[in-house]
Amino acid sequence: MSLSYVKSKSYYESIHIEWAGIGYDKEKLVKLIKRIHKYSPEFKTVKNDVSRTGETVITMHLVNPKTREVLGEGHGSNPKKAEQNASKNALIKLGYFKN
């Protein structure tokens, strides 16, 4: 899946966010949301399952703490991968990236 940067209207929204798969830094997303939307999003583990093959599957939500709105959901074999996927999905939902 490739993501392309969506140019935004305001100066702060033009902050460049890099998505390079494994090298993605979730702190960039947190900084962006703090600057533009004026709150600090929270990562919440909502499910910790074991698949039929014995692999761990963690589900994370990236949440707006003021409204409890789920900005993004992500799944991964460890918390870091689940947070990365939740961050990517939040960026898509907020309109900063498009599929």
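Refer to the preceding data block for the structure.
Residues numbered from 1 in each chain as written. Predicted model: local features only at pLDDT ≥ 70, side-chain atom pairs only at ≥ 80, totals over all residues. Heavy atoms only, no water.

## Describing the overall build of the chain
Okay, step 1: Within the chain, the secondary structure is distributed over two helices and five strands.
Okay, step 2: When the elements of the chain are put in sequence order from the N terminus, they spell out β-α-β-β-β-α-β.
Okay, step 3: When each of the 99 residues of the chain is scored for burial, the buried share is 31%.
Okay, step 4: Within the chain, contacts between residues separated by at least 24 positions form 39% of all contacts whose residues are at least 6 apart in sequence.
Okay, step 5: About 6,400 Å² of surface is accessible on the chain, with carbon and sulfur atoms providing 51% of the total. (Helix = DSSP H or I, 4+ residues; strand = E, 2+ residues; numbered from the N terminus. Buried < 20%, exposed > 50% of the residue type's maximum accessible area, 1.4 Å probe, protein only. Contact = heavy atoms within 4.5 Å. Areas by Shrake-Rupley, 256 points an atom, 1.4 Å probe, with all protein chains shown as cover.)

## Here's the deal with a positive patch on the surface
Okay, step 1: On the surface, K28, K31, K34, R35 and K38 cluster together into a patch of positive charge.
Okay, step 2: Given a relative accessible area of 58%, K38 falls into the exposed group. (Patch = residues over 30% accessible without salt bridge, like charges linked within 9 Å, V, L, I, M, F, W, Y side chains within 5 Å. Salt bridge = Lys/Arg side-chain N within 4 Å of Asp/Glu carboxyl O. Lys, Arg positive; Asp, Glu negative; His and termini not counted. Charge placed at Lys NZ, Arg CZ, Asp CG, Glu CD.)

## Side note on the packing of helix α1 (residues 26–37) against helix α2 (residues 79–94)
Okay, step 1: α2 packs onto α1 with a crossing angle of 40° between their chain directions and a minimal axis gap of 10 Å. Here the hand of the crossing between α1 and α2 comes out left-handed. In this structure, α1 uses K26, L29, L32 and I33 to contact α2, whose residues at the interface are E83, S87, A90, L91 and L94. (Axes fitted to C-alpha atoms, helices over the stretch in contact; angles between N-to-C directions. Left-handed = near helix turned anticlockwise from the far one by under 90°.)

## Points about the pairing of strand β2 (residues 42–50)
Okay, step 1: Note: β2 against strand β3 (residues 56–63), eight bridges, orientation antiparallel. Bridge pairing in β3 links K47 to T59.
Okay, step 2: Linking β2 back to β3 in an antiparallel pair, the connection comprises five residues, with G54 at a positive phi of about 90°. (Pairing = 2+ DSSP bridges.)

## Let's talk about the pairing of β3
Okay, step 1: The element β3 is extensively covered by neighbouring structure, given that six of its eight residues are classed as buried.
Okay, step 2: Linkage of β3 to strand β4 (residues 70–76), two consecutive antiparallel strands, is achieved through a turn of six residues, within which R68 is found at a positive phi near 65°.

## Focus: the nonpolar core
A general trend in soluble globular proteins is that nonpolar side chains are found buried together.
Okay, step 1: The biggest cluster of nonpolar side chains holds 13 residues, and the ones touching the most others in it are L29, I33, F43, L62, L71, A90 and L91.
Okay, step 2: Of all the elements in the fold, those that place two or more residues in this core are α1 and α2.
Okay, step 3: In contact with F43, other than residues within four places in its own chain, are K26, V30, H61, L62, E83, A86 and S87. (Core = buried A, V, L, I, M, F, W, Y, C linked by side-chain atoms within 4.5 Å.)

## Here we look at the pattern of salt bridges
Okay, step 1: Here the structure, examined in full by the defined rule, presents three salt bridges.
Okay, step 2: Across the pair E42 and K44 runs a salt bridge, and its minimum N-O distance is 3.3 Å.
Okay, step 3: A relative accessible area of 27% means that E42 is categorised as partly exposed.
Okay, step 4: The partly exposed category is assigned to K44, whose relative accessible area is 37%.

## So, the side chain of E83
Okay, step 1: Note that E83 resides in helix α2.
Okay, step 2: Overall, E83 belongs to the buried group, its relative accessible area being 16%.
Okay, step 3: The contact partners of E83, leaving out residues within four places of it in the chain, are K26, F43 and M60.

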